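# Observations on the three-dimensional arrangement
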Amino acid sequence: SMSADRRDVQEKQLLNHADDKEQRPLPRRSNHTGNMSQSQPEKKFQAAICLLLVELCERFTFFGIVCNMILFCTVKLGYRNYQAAIVNMCFVGTSMLTPVLVGWLAECLVGRIKVVCICMFLHFLGTALLPVVAFPFEDIYIDRRHILHTLTKKEQKIVFYFALLTASLGIGGIRAIVCPLSAYNLEDCGLKELLSFFNWFYWLVNLNSAVVFVSISYIQQSVARNLGFLIPFVSVLMAMITIHMMRGEMIYKPKTDSSLLTTFGVIASALKTCCVRYRYFSGGVTNWLDHAKENCGGRYSETQVESTKSLARLFPLFAFQILYRTCIMQIPSAYYLQTMNSNLNFSGFVLPIAAMNVISIVPLLILVPILECINSCLFSSKKSRHSPTIYIVVGQLSAALSVMVAGFSEIHRKHFPQVEQTLSKEVLLVSSMPCFHLAPQYILLGVAEALVTPSCSLLSFRLVPERIRGISMHFLTLFNGAGCFMGAFIVQTVHTGTRGNWFPHLLHEGKLERFFFFLASLMMVNTLGFWTIAHRYVYLNQEYAEEFRGSLPEEKLLQHEKAIKFYDSVLDRSPILPPMEAT
């Protein structure tokens, strides 16, 4: 019959795919093997250095914008505090979402090299437009002559928002194509190796961020007026390194086994078929996503639907990260406002606000080596059922505690008398409380990041089939970006509902601590909610992982093909179907 012939063709294609996979060369960072095998390690080392430099430049430009945005919006553009916080969180959220969008465009529509070139141009355009609106602090100086800007406030805002949009699109292209997580060879790693990789990967990312924050703090302290021009200069430097990587074929090209469109298509098809069947007649499927299968009235293969089902099991995990990410976003928003309204003077030395961000990174840099020792002990036993979900629960508790401490710090801060402090040539009335009194809330959020982010990445990577691991990491990024926009929504709602009392423009006249207590209570409920479903992601040992991923027809065929090659004979030693399925 036609269906039998088509099934035979599909099985042959899958087995051919298995042969290709077996014969794939070990160096996976490039599809080109190079002229000589001796030059391969050298090329890998050069690619790693270029990757590190590009990421360093990208983070410098990104944090250079984020660290100064609230001060610029409030002082230069005349925004209220809540408006500046919303703009900052939306920029960070957009920068998180654009890698997913740009990655999809590169794979499906435009092409990777073209997208890299376009994003580099957009990144430079965005960063070059910032000095036009006097970002971050100073007007333009040429030959010691002070040139005032002639742009009106409305024109400044238009140019500023256009610059932010183009810069975020450029950042998305760099993160998605030049510095993707999939560039690292993680296919054959076990649970212990994966957790170790994610711990050290985020340790390096945060070490990179600490270097950037220290550099920005020094520049703000010594040559602040040049920071606006330094950001586009770093963008040009990053573009030159990226061009060198493109010429040397050092940019990683991932496999395109699955796509976001396929995943969304399966979900939409299942919902459509499910609604039709619910309206007219009941169906007999075990999972609502099965409605998208070809044999159940849908138009997607069993492999695609089973992959989407394994991904859908992670949606509750992703959903509980939204409010957690909102808490993390308090560092560049509400915590920044607290620091800005505290005493930054220490014996004549004015501490840059960006320096406080380093305090939140230090706990992570200290904790990761300690966690590595703990993980080594916990995973030493093969029968260990240790799961990183406990890290997520403790980390989310730490985030809730941090926001609660911020509320008490705000009450404490308002008990100090006010003093005058000059920021960006503007004299502000601030609390005389030293800003280091705010350190505990920064430290607690740093502890939360050390525990939550690597563990979530591990679960997102581990609990799905190999062919959709990239899609799973994209979804985690999408939900993290949603957390930034959720933070902006909460700030807007709280400000409107309390008429500015819970997120005031003048902190000493409002009740910002109530906003913190409200967010802390939401985060506690979020933590309890995740704790109730954490058991779904507990069993991460090798046997469970294989059982979880082995339900896909493609992976079953690949396993059987390996068995055939190993035993030489299917009928004698390795039956195509296990005994339970044969009966």
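Cut-offs used in this document
- Residues numbered from 1 in each chain as written.
- Predicted model: local features only at pLDDT ≥ 70, side-chain atom pairs only at ≥ 80, totals over all residues.
- Heavy atoms only, no water.
- pLDDT = per-residue confidence, 0-100.
- Helix = DSSP H or I, 4+ residues; strand = E, 2+ residues; numbered from the N terminus.
- Contact = heavy atoms within 4.5 Å.
- Axes fitted to C-alpha atoms, helices over the stretch in contact; angles between N-to-C directions.
- Parallel < 35°, antiparallel > 145°, perpendicular 65-115°, else oblique.
- Left-handed = near helix turned anticlockwise from the far one by under 90°.
- Nonpolar A, V, L, I, M, F, W, Y, C, P; charged D, E, K, R; others polar.
- Expected span 1.5 Å × (residues − 1).
- Bend = angle between axes of the 7 residues up to and from the residue.
- Buried < 20%, exposed > 50% of the residue type's maximum accessible area, 1.4 Å probe, protein only.
- Phe/Tyr/Trp six-rings, centres within 6.5 Å; stacked < 30°, edge-to-face > 60°.

What follows is about the confidence of the model for the chain. Averaged over every residue, the pLDDT of the chain is 76; residues scoring 70 or more account for 71%. By mean pLDDT, the top-scoring element of the chain is helix α16 (residues 512–533) (95), and the lowest-scoring one is helix α20 (residues 579–582) (38). Every residue in residues 9–38 scores below 50 in pLDDT, and together they form 33 contacts with partners more than four places removed in sequence or on other chains. Within the model, pLDDT remains below 50 along residues 541–552, and this stretch shows 25 contacts once partners closer than five positions in the same chain are excluded.

Moving on, we get to the packing of helix α3 (residues 81–108) against helix α5 (residues 153–178). The N-to-C vectors of α3 and α5 enclose an angle of 45°; their axes lie 7 Å apart at closest approach. The pairing of α3 with α5 is recorded here as oblique in orientation. In terms of crossing hand, the pair formed by α3 and α5 is right-handed. Two secondary-structure elements touch here, α3 through Val 87, Phe 91, Thr 94, Ser 95, Met 96, Thr 98, Pro 99, Val 102, Gly 103 and Ala 106 and α5 through Tyr 161, Leu 164, Ser 168, Leu 169, Ile 171, Gly 172, Gly 173, Arg 175, Ala 176 and Ile 177. For the contact of α3 with α5, a count of residues per class yields 12 nonpolar, seven polar and one charged.

Quick look at helix α12 (residues 355–378) now. The α-helix winds at 3.6 residues per turn, so residues separated by three or four positions along the chain end up facing the same way. For α12, which comprises 24 residues, the first-to-last C-alpha distance of 36 Å matches the rise-based estimate of 34 Å (1.5 Å per residue) to within 8%. Where α12 bends most, at Leu 367, the angle is about 30°, and the proline Pro 369 comes one to four residues later.

Taking 1.5 Å of rise per residue, the 24 residues of helix α14 (residues 439–462) would be expected to cover 34 Å, and the 35 Å separating its terminal C-alpha atoms lies within 8% of that figure. Of all the bends in α14, the greatest measures close to 25° and is centred on Glu 449. Among the 24 residues of α14, 20 are classified as buried, and the element is accordingly described as predominantly covered.

A few words now on the packing of aromatic side chains. Under the definition given, this model contains 21 aromatic pairs. Geometrically, the ring pair formed by Phe 160 and Tyr 161 is tilted, given 5.9 Å between the ring centres and 50° between the ring planes. With 5.5 Å between their ring centres and 35° between their planes, Phe 318 and Phe 479 make a pair best called tilted. Here Phe 318, found in helix α10 (residues 315–328), pairs with Phe 479, found in helix α15 (residues 469–497); they are 161 residues apart in sequence, far enough to count as distant.

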